[in-house]
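# Fold and geometry: a report
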Amino acid sequence: MSLVIVDTGVANVAAVKGALARLGVEPVLTRDPRVVQQASQLILPGVGSFAAGMQALQRAELIAPLRCSAAAGVPIFAICLGLQLLCEGSDEAPDVPGLGLLSGRCHRLPSTVRLPHLGWNYVESDPAARGLASGYAAFANSYALIEAPDDCHAAFAQHGAKFIAGLERGRLLACQFHPEL
């Protein structure tokens, strides 16, 4: 059984590895498509722009292994930009397709609030979600998924508008916030 952190080069890897170490978990950090394809569990972290994240996955030839792993039911935990990369696309890079594992596009948060959205915010979870809890979480984002796909349980936060703070569907768990903090 191997827990693999996908190293895209645009991620909060040190913080994620540190959080896992505090839990006594030693993950494998890799950009190797074969290791990703063979993982029993995956973490897809990310910080930065949608285009840079997708380009990093493309360069490392990780798009197909991630899609195959998801189709095979491998548990995937996506963090921040990782959640956005799971979507069909983002207004941040309109011509760049996402992984397409979640239906929907990410949109820019309203210009009526300070962006990027940095800091702690309250998250309200769907009571039916097993892997999502209500409480405060740390955010660092300017874009977000606004509506939950029909097949997902969701948690929401507010920053100028209501947006998806977390999603749960089967063995896929994704959060816009940074649980490692």
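Each remark here, short or long, concerns the structure printed above.
Here, residues in each chain are numbered from 1, in the same order as that chain's written sequence. Reporting in this predicted model follows two pLDDT cut-offs: at least 70 for local features of residues, and 80 or more for side-chain atom pairs to be given and counted; totals over whole chains, interfaces and linings ignore these cut-offs and use all residues. Processing note: side-chain calculations cover all non-hydrogen atoms of the structure and skip hydrogens and water entirely.

Broken down by element type, the protein chain carries 5 helices and 12 strands. Considered along the principal axes of its C-alpha atoms, the protein chain spans approximately 45 × 35 × 30 Å. Accessible area is worked out with a 1.4 Å probe on protein chains only. A residue is then buried under 20% of its type maximum, exposed over 50%, and partly exposed in between. In the protein chain, buried positions account for 49% of the 181 residues. The contacts of the protein chain with a sequence gap of at least 6 include a subset with a gap of at least 24, amounting to 64%. Surface accessibility in these figures is a Shrake-Rupley result with a 1.4 Å probe; residues are shielded only by whichever protein chains are displayed. For the protein chain, the exposed surface amounts to about 8,600 Å²; the carbon and sulfur share of it is 53%. If the 13 positive side-chain charges of the protein chain are averaged to one point and the 15 negative ones to another, these points end up 5 Å apart. Under the scheme used here, helices are H or I runs from DSSP no shorter than 4 residues and strands are E runs no shorter than 2 residues, and both carry numbers assigned from the N terminus. The contact rule is simple, with two residues in contact once any of their heavy atoms fall within 4.5 Å. The charge count includes Lys and Arg as positive and Asp and Glu as negative, but it does not include His or the ends of the chains. Where a charge lies is defined by one atom per residue type: Lys uses NZ, Arg uses CZ, Asp uses CG and Glu uses CD.

A few words on the side chain of His117. Examined against the element boundaries, His117 turns out to sit in strand S7 (residues 117-125). Throughout this description, a polar contact denotes any pair of N or O atoms lying within 3.5 Å of each other; where both atoms belong to protein, one of them has to be capable of donating a hydrogen while the other can accept it, and for residues adjacent in sequence the pair is counted only when both atoms sit in side chains. A polar side-chain atom of His117 sits 3.2 Å from a polar atom in the side chain of Asn121. In contact with His117, not counting residues within four places along its chain, are Leu109, Phe139, Ala140, Asn141, His159 and Phe163.

Bringing the pattern of salt bridges into the picture now. Criterion for a salt bridge: a side-chain nitrogen of Lys or Arg within 4 Å of a carboxyl oxygen of Asp or Glu. Summed over all chains, the structure comprises 4 salt bridges. Here Asp151 and Arg169 are joined by a salt bridge, their closest N and O atoms 3.4 Å apart. Of this pair, Asp151 sits in the loop between strand S9 (143-145) and strand S10 (153-158) while Arg169 sits in strand S11 (residues 162-169), and the two are 18 residues apart along the sequence. By relative accessible area, Arg169 is classed as partly exposed at 25%.

It is worth spelling out the sheet that holds S10 at this point. Here we have 9 strands laid out as an open sheet, ordered S2-S1-S3-S4-S12-S11-S10-S7-S8, and mixed in their pairing. In the strand order of this sheet, the two ends are held by strand S2 (28-30) and strand S8 (135-141), each with one partner. When the angles between neighbouring strand axes are averaged without regard to direction, this sheet yields 25 degrees. In this structure, S10 lies alongside S11, joined through 6 bridges in antiparallel fashion. From the neighbouring strand, Ala154 faces S11, where its bridge partner is Leu167. Between the N-to-C directions of two axes lies an angle of 0 to 180 degrees, each axis being a line fitted to C-alpha atoms and, for a helix, fitted only over the stretch in contact. Contacts between helix H1 (residues 13-22) and the sheet are confined to strand S1 (3-6), S2, strand S3 (41-44) and strand S4 (76-79), with S1 contributing the most and set at about 160 degrees to the helix. Two strands are counted as paired when DSSP detects at least two bridges linking them.

Taken in spatial order, the 3 strands make up an open sheet running S5-S6-S9, and their pairing is mixed. Both outer strands of the open sheet, strand S5 (89-90) and S9, are each paired with one neighbouring strand and no more. In terms of strand pairing, S5 meets strand S6 (residues 105-108) through 2 bridges, oriented parallel. In the sheet register, Gly89 faces S6, and the bridge partner there is Arg105.

Centres within 6.5 Å make a pair out of two Phe, Tyr or Trp rings, where for Trp the six-membered ring is used; the pair is then stacked when the planes are under 30 degrees apart, edge-to-face when over 60, and tilted otherwise. What the rule picks out here adds up to 3 aromatic pairs. Centre to centre, the rings of Phe139 and Phe177 are 5.9 Å apart; their planes meet at 70 degrees, and the pair counts as edge-to-face. Residue Phe139 is found in strand S8, and its partner Phe177 is found in the segment after strand S12 (172-175); the two are separated by 38 residues along the sequence. Looking at Phe177, the relative accessible area reads 14%, which means it is buried. An aromatic cluster of three or more residues is present, and its members are Phe139, Phe163 and Phe177. Geometrically, a lysine NZ or arginine CZ counts as sitting over a ring once it is within 6 Å of the ring centre and also within 35 degrees of the ring normal. Positioned above the aromatic ring of Phe156, the side-chain terminus of Lys162 is 4.4 Å from the ring centre.

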